[in-house]
Amino acid sequence: MTKRTPLPRRLQRILQAIADRHIGAVEQAFLDSLDAAVGRVDTQRLLSALRSGDLTEAVEAIGVTNIETEMRRRVFAALHAASTEAARASAQGTGIGVDLRFDLVNREAVRWAKRRGAMLVREVTHSARNNIRGLVANGLRGVFTVRETAVAIRPLLQAAAKRTLGLTQKQYQWVENYRTELSGQMRATERVRAGEDITEVARELHKRPETVRKWIRQRLTPELVERRVEQYAARKLRERALTISRTETMDAQSAGQRIMWRAAESQGLMTFDIGVKQYYDTPAGRLIGPTAHPKCRCTEVVRRVGRFFRRFWVIAQDERTCKICRQIPKMNPLGVGLPDERMEAREQRLAA
Ligand SMILES: [Zn+2]
């Protein structure tokens, strides 16, 4: 039994490496889509939408549809590339690569990448629409208290549009909380500067005077607050881009393989053992395959067992955090999916 583990592990490493090679492209596709969309933001219109608190106008001005269009085109190409490369590697790894008709695989991979890309677009535009609500609610607070003309605050409006379009709702909230925090510190500083007693100000804010003194040393100005908020938002944006690209490339890799298996099955090159359940049952009773959660590094591979092919879930060796993935080695100490001793014995008899 233990002799069987090296092959899935090797194929797993190859497939993970393929996913990793495409991370940069997917990440870049997301960020480029964002830049292109933000480049077309109608700042004049956005400013007046924010001044009047008009949600519909703000959605129009920021142009959620722009990111939709950009992402569809760019992300689709990146996902397609990753899935077809994985399909080829998997076909080679299982020894059916030479006979497989890759035009069939490719046609399916195109279809999959479009579907998957559309799902991702929906996810991004959903959070974007909700964030715009937050942006309108905050209206002319923070960035917009800088009393200048629309031309002068154009970069600020674009930065606001960028985080609105690019961040998850939770991240967007964190950014707003950070701004509130910094603004509070700035106001406390101003009060002390204006002659109020530092101990009094501190007590009122439930802080220690040393804390307020630390705030004062930062010399916060509205511009500095904005710059810090932007840096924080940029960091969150990079985090999201990385989460998206890691998850999507692993998914593309799994999808490419499944497409290959189906194509091979339809050409009579692979026969799957339907007597064996091909996925793990989670405690909740749901049937799942990797990826099981954002940034999941698990892979699925097939191996020939006797006359049949069988799917195996190969858990990522660095998987520590996921409740689902973590328990797979416990269900099966080999960390592979569902080998059934009796089934195996039957197959050996059949093969003999
Ligand atoms: Zn996993």
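Small disclaimer: the values here were computed from a predicted structure and weren't measured.

**Q** Please clarify how the overall build of the chain should be interpreted in this entry.
**A** A count of helices and strands for the chain gives 13 helices and four strands. Restricting to contacts in the chain with at least 6 residues of sequence separation, those with at least 24 account for 77%.

**Q** Quick question: what am I supposed to make of unusual backbone geometry here?
**A** Trans is the common state for peptide bonds, and a negative phi is the common state for residues other than glycine. Unusually for a residue other than glycine, His-206 sits at a positive phi of about 55 degrees. By secondary structure assignment, the location of His-206 is in the loop between helix H8 (198-204) and helix H9 (209-217). The exposure class of His-206 is exposed, given the 7 C-beta atoms found within 10 Å. Not every positive phi belongs to a glycine, and Lys-295 is a case in point at roughly 65 degrees. Owing to 16 C-beta atoms within 10 Å, Lys-295 belongs among the partly exposed residues under this scheme.

**Q** Whenever I open this one, helix H10 (residues 222-266) confuses me. Can you help?
**A** Helical periodicity: at 3.6 residues per turn, an α-helix aligns residues three or four positions apart in one direction. The terminal C-alpha atoms of H10, which comprises 45 residues, lie 64 Å apart, in line with the 66 Å expected from a rise of 1.5 Å per residue. Looking one or two residues past H10, Gly-268 carries a phi angle of roughly 70 degrees, positive in sign.

**Q** Looking at this structure, I do not really get the pairing of strand E3 (residues 299-305). What am I missing?
**A** Looking along a regular strand, one sees side chains alternate from face to face of the sheet. As judged from the seven bridges shared by E3 and strand E4 (residues 308-314), these two strands associate in the antiparallel manner. The residue of E4 that forms the bridge with Arg-303 is Arg-310. If you look at the hairpin formed by E3 and E4, you'll find two residues sitting between the two strands, and Gly-306 has a positive phi there, around 65 degrees.

**Q** Is there a simple way to think about the confidence of the model for the chain in this case?
**A** Regions with low pLDDT carry predicted coordinates that are not meant to be interpreted in detail. Looking at the chain, the pLDDT average stands at 84 and 83% of residues meet or exceed 70. Scored below 50 in pLDDT, residues 1-5 makes three contacts in the model with residues more than four places away or belonging to other chains. In the model, residues 333-343 has pLDDT below 50 throughout and makes 20 contacts with residues more than four positions away in sequence or in other chains.

**Q** Can you walk me through the packing of helix H7 (residues 169-193) against H9 in this structure?
**A** The packing of two helices is summarised by the inter-axis angle and the distance between the axes. Contact geometry for H7 and H9: axes closest at 9 Å, N-to-C directions at 95 degrees. Classified by the angle their axes make, H7 and H9 are roughly perpendicular. Along its contact with H7, which presents Gln-185, Ala-188, Thr-189 and Val-192, the element H9 presents Val-212, Trp-215 and Ile-216. Here the contact of H7 with H9 is built from residues that sort into five nonpolar, two polar and no charged.

**Q** Just checking my understanding: could you explain the environment of Val-75 for this structure?
**A** You can see Val-75 is positioned in helix H4 (residues 64-93). Separated by 46 residues in the primary sequence, Val-75 and Ala-29 have C-alpha atoms spaced 5.4 Å apart. If near-sequence neighbours (up to four positions away) are discounted, Val-75 is found in contact with Val-26, Ala-29, Phe-30, Ser-33, Gly-117 and Leu-120.

**Q** What should I look at first to understand the nonpolar core in this one?
**A** Side chains that are nonpolar tend, in soluble globular proteins, to be buried together. Among the nonpolar cores identified, the biggest contains 71 residues, and Leu-46, Ala-58 and Val-75 are the most heavily contacted of them. No other element matches H4, which puts twelve residues into this core. Formed jointly, this core draws a minimum of three residues from each of two domains, domain 1 (13-270) and domain 2 (271-352). Dropping the residues within four chain positions of it, Ala-58 is found in contact with Leu-46, Ala-49, Leu-50, Ile-132, Leu-135 and Val-136. Counting nine residues, the second largest nonpolar core, distinct from the first, contains Leu-182, Leu-220, Val-225 and Val-229.

**Q** Looking at this structure, I do not really get the packing of helix H6 (residues 154-166) against H10. What am I missing?
**A** With their axes 10 Å apart at the nearest point, H6 and H10 run at an angle of 30 degrees to one another. Relative to H10, the element H6 lies roughly parallel. The handedness of the crossing between H6 and H10 is left-handed. For the pair formed by H6 and H10, the contact residues are Leu-156, Ala-159, Arg-163 and Gly-166 on the first element and Glu-226, Glu-230, Ala-233, Leu-237 and Arg-240 on the second.

**Q** Teacher, can you tell me more about the environment of Ser-90 here?
**A** With respect to the helices and strands, the residue Ser-90 is situated in helix H4. For Ser-90, the contacting residues outside a window of four places in its chain are Leu-15, Gln-257 and Met-260.

**Q** Can you help me understand the environment of Val-175 in this one?
**A** Here Val-175 is to be found in helix H7. For the pair Val-175 and Lys-236, spaced 61 residues apart in sequence, the C-alpha to C-alpha distance is 8.4 Å.

Reading guide: rules and limits
- Residues numbered from 1 in each chain as written.
- Predicted model: local features only at pLDDT ≥ 70, side-chain atom pairs only at ≥ 80, totals over all residues.
- Helix = DSSP H or I, 4+ residues; strand = E, 2+ residues; numbered from the N terminus.
- Contact = placed C-beta atoms within 7 Å.
- Buried ≥ 20, exposed ≤ 12 C-beta atoms within 10 Å, placed from the backbone.
- Expected span 1.5 Å × (residues − 1).
- Pairing = 2+ DSSP bridges.
- pLDDT = per-residue confidence, 0-100.
- Axes fitted to C-alpha atoms, helices over the stretch in contact; angles between N-to-C directions.
- Parallel < 35°, antiparallel > 145°, perpendicular 65-115°, else oblique.
- Nonpolar A, V, L, I, M, F, W, Y, C, P; charged D, E, K, R; others polar.
- Core = buried A, V, L, I, M, F, W, Y, C linked by C-beta atoms within 7 Å.
- Domains from an automatic or database assignment.
- Left-handed = near helix turned anticlockwise from the far one by under 90°.

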